[in-house]
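The chain contents come next:
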Amino acid sequence: MAEENITRIHLDGKEYILIGTAHVSKHSAEQVKEVIEAEHPDSVCVELDEQRYQSITEGSKWKEMDIIQVIKEKKASLLLMNLAISSFQNRMADQFGIKAGQEMIQGIESAKETGANLVLADRNIQITFARIWGNLGLKGKALLLSQVIASIFSKDTISEEELEKMKNQDTINAILNEFTESFPRLKTPLIDERDQYLAQKIKDAPGEKIVAVLGAAHVPGIKEEIKKEQDMARLTARPPKSNLPKIIGWSIPVFILAIIAYTFYANPSAGFAQTISWIIWNGALSALGAAIAMGHPLTILTAFVAAPITSLNPLLAAGWFAGLTQAYIRRPSVQDFETLSEDVFSVKGFWRNKVSRILLIVVLSNLGSSLGTFIGGADVIRVFFETL
């Protein structure tokens, strides 16, 4: 059996066999199968969390999704991002004729075939994203979103050189690679902390012989971290939420309403002009977002009517109302859910599929409403000072 990409560690009477895999390589899946069958380990650890494991093993879950419930639970943006990452994977797979994560699937299947314990060794992806997000300032967050979206929807093909780099990364790392170089602080939650978490899960796996299927980039870190005891409570803690966004969220509408009320008192005609400006900017830009997402005319109208009101209440959002309207008028069919994973392969597919179109309506209507709040708010302040 070839020992290429295999690291053996003997520690405290246990043997750990780390397979450094390429997430976009057919050879890696074959090697995983070969190693597990030859070694007959007590446990097989895979670089997956529960959410990604379910995504791999229960691909038909899309069909069971309640799009209206997704909107009500405020998960539309998160789902759209997950679909966008799926689009990136599909584009890569189509170009090179490979299936990302095949070695993890092989690890799962081989564990079952040999009767080994299956250990999901990676940290919950939502916690990783939360810790990445908490590590960035406002500018960093804006740049991160633009980087991810640009890489997902880019029509550029992936060069052979870029593919070789990606063979040592997982999909999230691959998408954020350039951004990590610009913002070194991302390396801690994205790589270092996960090395520590993975190392402890592998170390705690039952049995005396453990095989771990890992992206090659994690192997050097895990070799060092497995010798230590990790603080799992620290590694799984979500960053404390700041009260600042909530304070700002309520301060802006109170401020705007106070200015309009005073202007009405001092000059009713100016106050009326302020109100019209607020309605037009908020409504028009939110409606424009719904229109860009190719919403139904009633959906666009809903966005226009809802935005000026929801902008004054941080607990509400115009996109939710627009999305729900679209969902009721153009309710997705079973086929839309069945073809969702294929449709998100292309930008055109995002708009064509009724499910992803609803998600786009929610996100773009909210984005338009937010932009309208700033522009409309600035115009309200301008009229206020002119009145003074």
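- For the protein chain, an unreviewed UniProt entry supplies the name Pheromone shutdown-related protein TraB and the organism Cytobacillus oceanisediminis.

1. Regarding the overall build of the protein chain
Now for step 1: Regarding its fold elements, the protein chain presents 20 helices and 5 strands.
Now for step 2: Looking at the protein chain residue by residue over its 388 residues, the buried ones come to 48%.
Now for step 3: When contacts within the protein chain are restricted to residue pairs at least 6 apart in sequence, those whose partners lie at least 24 apart make up 79%.
Now for step 4: A total of about 19200 Å² of accessible surface is found on the protein chain, and carbon and sulfur atoms cover 59% of it.

2. Section: the sheet that holds strand E1 (residues 6-11)
Now for step 1: Spatial ordering of the open sheet is given by E1-E2-E5-E3-E4, a layout of 5 strands whose pairing is mixed. The sheet is open, and its two edges are formed by E1 and strand E4 (117-120), each paired on a single side. Pairwise comparison of adjacent strand axes, ignoring direction, gives a mean angle of 20 degrees for this sheet.
Now for step 2: Direction of pairing for E1 relative to strand E2 (residues 14-21): antiparallel, over a ladder of 6 bridges. Looking across to E2, one finds that Leu11 is bridged to Lys14.
Now for step 3: Here helix H10 (residues 187-204) sits on the sheet in contact with E1, E2, strand E3 (43-46), E4 and strand E5 (209-215), set at roughly 135 degrees to E2.

3. Examining a nonpolar patch on the surface
Now for step 1: A cluster of nonpolar residues, Leu298, Leu301, Val305, Ile309, Tyr328 and Ile329, forms a patch on the protein surface that exposes about 580 Å² of accessible area.
Now for step 2: Of all the secondary-structure elements, those providing two or more residues to the nonpolar patch are helix H15 (297-310) and helix H16 (318-329).
Now for step 3: Sorting elements by how many residues they give to the nonpolar patch places H15 first, with 4 residues.
Now for step 4: With respect to the helices, strands and loops of the structure, Leu301 is situated in helix H15.

4. A closer look at the pattern of salt bridges
Now for step 1: Summed over the entire model, instances satisfying the criterion amount to 15 salt bridges.
Now for step 2: Across the salt bridge formed by Glu193 and Arg123, the nearest N and O atoms sit 2.8 Å from each other. Taken together, the residues Glu193 in helix H10 and Arg123 in the loop between E4 and helix H6 (125-134) connect sequence positions 70 residues apart.
Now for step 3: On the basis of relative accessible area, Arg123 is assigned to the buried category, the value being 0%.
Now for step 4: One salt-bridge network, in which partners are shared between bridges, spans Glu47, Asp49, Arg52, Asp122 and Arg194.

5. A short note on the packing of helix H14 (residues 268-292) against H15
Now for step 1: Direction vectors running N to C along H14 and H15 enclose 145 degrees, while the axes themselves pass 7 Å from each other. Crossing angle aside, the handedness with which H14 passes H15 is right-handed. Residue-level inspection shows Trp278, Ile279, Ile280, Asn282, Gly283, Ala284, Ser286, Ala287, Ala290 and Ala291 of H14 in contact with H15, the latter providing Thr299, Ile300, Ala303, Phe304, Ala307 and Pro308.

6. Re the packing of aromatic side chains
Now for step 1: A full pass over the atoms with the stated rule returns 2 aromatic pairs.
Now for step 2: For the pair Tyr262 and Phe384, a centre-to-centre distance of 5.9 Å together with 70 degrees between the ring planes defines the contact as edge-to-face. Note that Tyr262 is positioned in helix H13 (residues 244-266) and Phe384 in helix H20 (residues 354-387), a separation of 122 residues in sequence.
Now for step 3: Given the relative accessible area of 16%, Phe384 is considered buried.

7. Some details on the UniProt feature "transmembrane region" (unreviewed entry) in the protein chain
Now for step 1: In this structure's numbering, the residues bearing the UniProt feature "transmembrane region" (unreviewed entry) are residues 247-265, 272-294, 300-322 and 358-385.
Now for step 2: Annotation note: span residues 358-385, helix share 100%, strand share 0%, distance between end C-alpha atoms 40 Å.

8. Details of H14
Now for step 1: An ideal rise of 1.5 Å per residue puts 36 Å on 25 residues; H14 measures up with 36 Å between its terminal C-alpha atoms.
Now for step 2: Taken residue by residue, H14 has Ala270, Gly271, Gln274, Ser277, Trp278, Asn282, Gly283, Leu285, Ser286, Ala287, Gly289 and Ala290 as its buried positions.
Now for step 3: Tucked into the core, H14 has its buried residues touching H13, H15, H16 and H20.

9. Details of the side chain of Thr7
Now for step 1: For Thr7, the position within the fold is in strand E1.
Now for step 2: Judged by relative accessible area, Thr7 falls into the buried class, the value being 19%.
Now for step 3: Sequence-distant contacts of Thr7, defined by excluding residues within four places in its chain, comprise Tyr16, Ile17, Leu18, Val219 and Lys223.

The rules we used
- Residues numbered from 1 in each chain as written.
- Predicted model: local features only at pLDDT ≥ 70, side-chain atom pairs only at ≥ 80, totals over all residues.
- Heavy atoms only, no water.
- Helix = DSSP H or I, 4+ residues; strand = E, 2+ residues; numbered from the N terminus.
- Buried < 20%, exposed > 50% of the residue type's maximum accessible area, 1.4 Å probe, protein only.
- Contact = heavy atoms within 4.5 Å.
- Areas by Shrake-Rupley, 256 points an atom, 1.4 Å probe, with all protein chains shown as cover.
- Pairing = 2+ DSSP bridges.
- Axes fitted to C-alpha atoms, helices over the stretch in contact; angles between N-to-C directions.
- Patch = residues over 30% accessible without salt bridge, like charges linked within 9 Å, V, L, I, M, F, W, Y side chains within 5 Å.
- Salt bridge = Lys/Arg side-chain N within 4 Å of Asp/Glu carboxyl O.
- Left-handed = near helix turned anticlockwise from the far one by under 90°.
- Phe/Tyr/Trp six-rings, centres within 6.5 Å; stacked < 30°, edge-to-face > 60°.
- UniProt positions renumbered as here; feature names shortened; annotations may be inferred.
- Expected span 1.5 Å × (residues − 1).

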